[in-house]
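Architecture at a glance
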Amino acid sequence: MDAAFVLVHSPSVGPLTWAPTAQLLEGSGAVVIVPSLVGVADARPPFWRSVAGTVSAAIDRLPPNQPAVIVTHSNAGLFVPVLVEATSRRVAGCLFVDAALPLPAGPTPVAPPELLDFLRPKAIGGRLPPWTTWWDESDVAPMFPDTRTRDAVSAEQPRLPLSYYEELLPNPPGWESRPCGYLLFGPPYERVADDARQRGWAVDHVPGRHLHQLVEPRTVTDRIIAMTDEWRRSGH
């Protein structure tokens, strides 16, 4: 049985960031699930438990014995170790799409100190404004293909607690024992892609901004299929 694609969005945004990719993957005959993590904003800490529980519950609804490929975007990549540990299904591989990586060992901070310094003044009553309001308009607008898509994606953004970004995530060992890969869009993730390459992973590049899966969904989907098909051909 072919592995299902589990597309995991960053808790900073919503599942619509994966919607075009999911539709194209389904059109290719794949089984696809996109768990919604918008409820993480109202979960009790530690927030990683809500992320892992939500994704694991979605995977459990797949047909029996169907393996999964976990595909994460942005800071959802940090949760891969706990996602792999939380599911009883065989995880056939983990693909990081313009995503942050867990540390090689030990707890992984959700945000580095410089990002926390940037975020703390923005919090009101312990909550942050929606992610797209953090940045200049000149940076945000090119991430979307059109106004309609931007409005829809912006409308489902949660207001995450600042404490979400202050957490340390568990990093249980063994998750890298399966095939892993990295698909880079662009700045500031070049160094992360270099890290993936140093770990011995396959790294590919589709030039674009951080939400490029919304701008060129066909190109991004084709790369996701190609990278994960390579794992199957190599016998994993």
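Residues numbered from 1 in each chain as written. Predicted model: local features only at pLDDT ≥ 70, side-chain atom pairs only at ≥ 80, totals over all residues. Heavy atoms only, no water.

**As for empty space enclosed by the protein**
Our working rule: Detection works on a 1 Å grid of protein atoms alone, calling trapped sets that fit a 1.4 Å probe cavities and calling open sets with protein on both sides within 12 Å along at least five of seven lines pockets, with lining residues defined by an atom within 4 Å of a point. Grid points are joined across faces, edges and corners, and a volume is the space filled by probe spheres set on the points. In this classification, the charged set is Asp, Glu, Lys and Arg, the nonpolar set is Ala, Val, Leu, Ile, Met, Phe, Trp, Tyr, Cys and Pro, and all remaining amino acids, among them Gly, are polar.
Tallied over the entire structure, the rule returns 1 cavity of 30 Å³ or more. Computed from the structure, the largest cavity encloses a volume of approximately 30 Å³. Along its surface, the largest cavity is lined by Ser12, Leu128, Pro129, Pro130, Trp131, Trp134, Pro158, Arg159, Leu160 and Tyr165. For the lining of the largest cavity, a count of residues per class yields 8 nonpolar, 1 polar and 1 charged.

**A short note on the packing of aromatic side chains**
The description of an aromatic ring pair rests on the distance of the ring centres and on the angle between the ring planes. This is how it is decided: Two aromatic rings, drawn from Phe, Tyr or Trp (for Trp, its six-membered ring), form a pair once their centres lie within 6.5 Å of each other, and the interplanar angle then sorts them: stacked below 30 degrees, edge-to-face above 60, tilted otherwise. Numbering goes from the N terminus for both helices and strands, where a helix is a DSSP run of H or I of at least four residues and a strand is a run of E of at least two. Partly exposed describes any residue whose relative accessible area lies between the buried limit of under 20% and the exposed limit of over 50%, with all areas from a 1.4 Å probe on protein chains only and scaled to the type maximum.
Enumeration according to the criterion identifies 10 aromatic pairs in this entry. Ring geometry for Phe79 and Tyr164: centres 6.3 Å apart, planes at 25°, overall stacked. In this pair, Phe79 sits in the loop between strand S3 (68-74) and helix H3 (80-86) while Tyr164 sits in helix H7 (residues 162-165), placing the two residues 85 residues apart along the sequence. Since its relative accessible area comes to 1%, Phe79 is described here as buried. The buried category is assigned to Tyr164, whose relative accessible area is 0%.

**A few points about helix H1 (residues 19-27)**
This is how the line gets drawn: The directions from the helix axis to the C-beta atoms form the arc being described.
Of all the residues in H1, the buried ones are Thr21, Ala22 and Leu25. Along H1, the residues classed as buried sweep out an arc of 100° about the axis, all on the same side. Residues of H1 that are exposed and point over 90 degrees away from its buried face: Gln23 and Gly27. Positive phi appears at Gly29, one or two residues downstream of H1, with a value of about 100°.

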